[in-house]
Amino acid sequence: MIKRKAGWGLDHPNARSLHTVPVPRTGGLGLLMGVIVTWLCFSTVIPPIIWAGIGLLMVISLLDDIRHVPVWCRLLVHTFVAAAFSAVFLLTAYDWLIALGIMAAVIWMCNLYNFMDGSDGLAGGMTVIGFGYYGLFAYLAGDSDFAVINFSIAAAALAFLFYNFHPARIFMGDAGAIPLGFLAATLGILGWLNQLWSLWVPLLIFSPFIVDATVTLIKRLLRGDKIWQAHREHYYQRMVQSGLGHRNTALLGYALMLATGGCAVWAGTQGLRVQGWTVTVWVSFYLLLMFIADRNQKNQSNRG
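Residues numbered from 1 in each chain as written. Predicted model: local features only at pLDDT ≥ 70, side-chain atom pairs only at ≥ 80, totals over all residues. Heavy atoms only, no water.

How do you make sense of the overall build of the protein chain when you look at a structure like this?
Counting its regular elements, the protein chain contains 11 helices and 2 strands. Taken from N to C terminus, the helices and strands of the protein chain fall in the order β-β-α-α-α-α-α-α-α-α-α-α-α. Against the 2.2 N^0.38 benchmark of 19 Å for 304 residues, the protein chain shows a C-alpha radius of gyration of 19 Å, consistent with a compact globule. Projected onto its principal axes, the C-alpha coordinates of the protein chain cover approximately 55 × 45 × 35 Å. Each of the 304 residues in the protein chain was classed as buried or not, and the buried ones make up 48%. (Helix = DSSP H or I, 4+ residues; strand = E, 2+ residues; numbered from the N terminus. Rg over C-alpha atoms; globule rule 2.2 N^0.38 Å. Buried < 20%, exposed > 50% of the residue type's maximum accessible area, 1.4 Å probe, protein only.)

Here is the structure:
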């Protein structure tokens, strides 16, 4: 995410922004520190690679928040962290192609979480709901420790949301969004490796983020746009600009994620047939939503 780096700790409006005045962007640091303190207090067992990954991503992202860090440098750190996680947990038990795919998924989740952190309350609320569902699923599956790990992230995000909901008084910043994307990916994969849920469950829970960011990236690639440049083409950005505003866009996002997460938790305990139909229905629903949104945008452009 490209920002204009003027003023320590402030997010100044740019070509991607939906805000019009500088806003502090250090909220993610407080959120993550709350998570870390909770993990230490509850003596939860966190794999060392998770600790190291969070630390490295916080450092490089904070540097980018303070003073612009080249894209290649950030991606190098993201790739190193994702590769290390994949090597530790997957290479010894799975084919290298699976490990490579998981590594790519972790890198993409880090970045798409950051891309989706562009509207008041959206990423904060999605963090509450997404990790809350992780914790609920883990608790129902009988893994209390893993449930605490995820519930603590949701609780810290809820405290942050009080200051981030519209009108936002503080932003998450890259130092919060990118490590949270890393945790969304890696904890989702660990739940799968620990046989708590199927691999599609975390994908469906975080699908509002994943679908928006992925489809937008693909469309920009097909048009030949420079994907690293700032823009306002995400579906959620278009919703804000269409007149819904930050508050209603966030609330609609919460409703969608509550629905996808609830279906994921329910279907994850059912047979393969029910799971398959659940995924099929949601894929069809997303295709319909995107078709309607793109058609409306095209009609408005033609009228203009």
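I would appreciate a short explanation of the pattern of salt bridges in the present structure.
Think of it this way: side chains of opposite charge can pair up when their charged atoms draw near. The tally for this structure, following the rule as stated, stands at 7 salt bridges. Here Arg220 and Asp225 are joined by a salt bridge, their closest N and O atoms 3.9 Å apart. Among the residues examined, Arg220 registers a relative accessible area of 5% and is labelled buried. The class for Asp225 is partly exposed, based on a relative accessible area of 27%. One salt bridge in this structure joins Asp225 and Arg223, with 2.7 Å as the shortest N-O distance. Here Arg223 falls in the partly exposed class, since its relative accessible area comes to 46%. (Salt bridge = Lys/Arg side-chain N within 4 Å of Asp/Glu carboxyl O.)

What is the right way to look at the packing of helix H4 (residues 96–115) against helix H7 (residues 174–193) in this model?
In helix packing, the relevant descriptors are the interaxial angle and the interaxial distance, both defined with respect to the helix axes. Interhelical geometry of H4 versus H7 gives an angle of 145 degrees and a closest axis separation of 7 Å. Taken as a pair, H4 and H7 cross one another with a handedness that is right-handed. Judged by residue contacts, Ile102, Val106, Met109, Cys110, Tyr113 and Asn114 of H4 engage Asp174, Ala177, Ile178, Leu180, Gly181, Phe182, Ala184, Ala185, Thr186 and Ile189 from H7. The residue makeup of the contact of H4 with H7, split by class, is 12 nonpolar, 3 polar and 1 charged. (Axes fitted to C-alpha atoms, helices over the stretch in contact; angles between N-to-C directions. Left-handed = near helix turned anticlockwise from the far one by under 90°. Contact = heavy atoms within 4.5 Å. Nonpolar A, V, L, I, M, F, W, Y, C, P; charged D, E, K, R; others polar.)

Hey, could you run me through unusual backbone geometry in this one?
Among all residues except glycine, the phi angle is most often negative; among peptide bonds, the trans geometry is most common. A cis amide bond, omega -5 degrees, links His166 with the succeeding residue Pro167. Checked against the element boundaries, Pro167 lands in the loop between helix H6 (144–164) and H7. The backbone of Gln195 sits at a positive phi, close to 60 degrees, despite the residue not being glycine. Here Gln195 shows up in the loop between H7 and helix H8 (200–205).

Honestly, the packing of aromatic side chains in this entry has me stumped. Any pointers?
Think of a pair of aromatic rings as described by two things: how far the centres are apart, and how the planes are tilted against each other in angle. What the rule picks out here adds up to 16 aromatic pairs. For the pair Phe131 and Tyr134, a centre-to-centre distance of 5.6 Å together with 80 degrees between the ring planes defines the contact as edge-to-face. With Phe131 and Tyr134 both in helix H5 (residues 122–140) and 3 residues apart, the pair spans about one turn of that helix. For Tyr134, a relative accessible area of 1% puts it in the buried group. Summarising the aromatic geometry, the rings of Phe165 and Tyr254 are spaced 6.4 Å apart at their centres and angled 35 degrees between planes, so their arrangement reads as tilted. You can see Phe165 sitting in the loop between H6 and H7 and its partner Tyr254 sitting in helix H10 (residues 235–267), a full 89 residues away along the chain. Among the residues examined, Tyr254 registers a relative accessible area of 12% and is labelled buried. (Phe/Tyr/Trp six-rings, centres within 6.5 Å; stacked < 30°, edge-to-face > 60°.)

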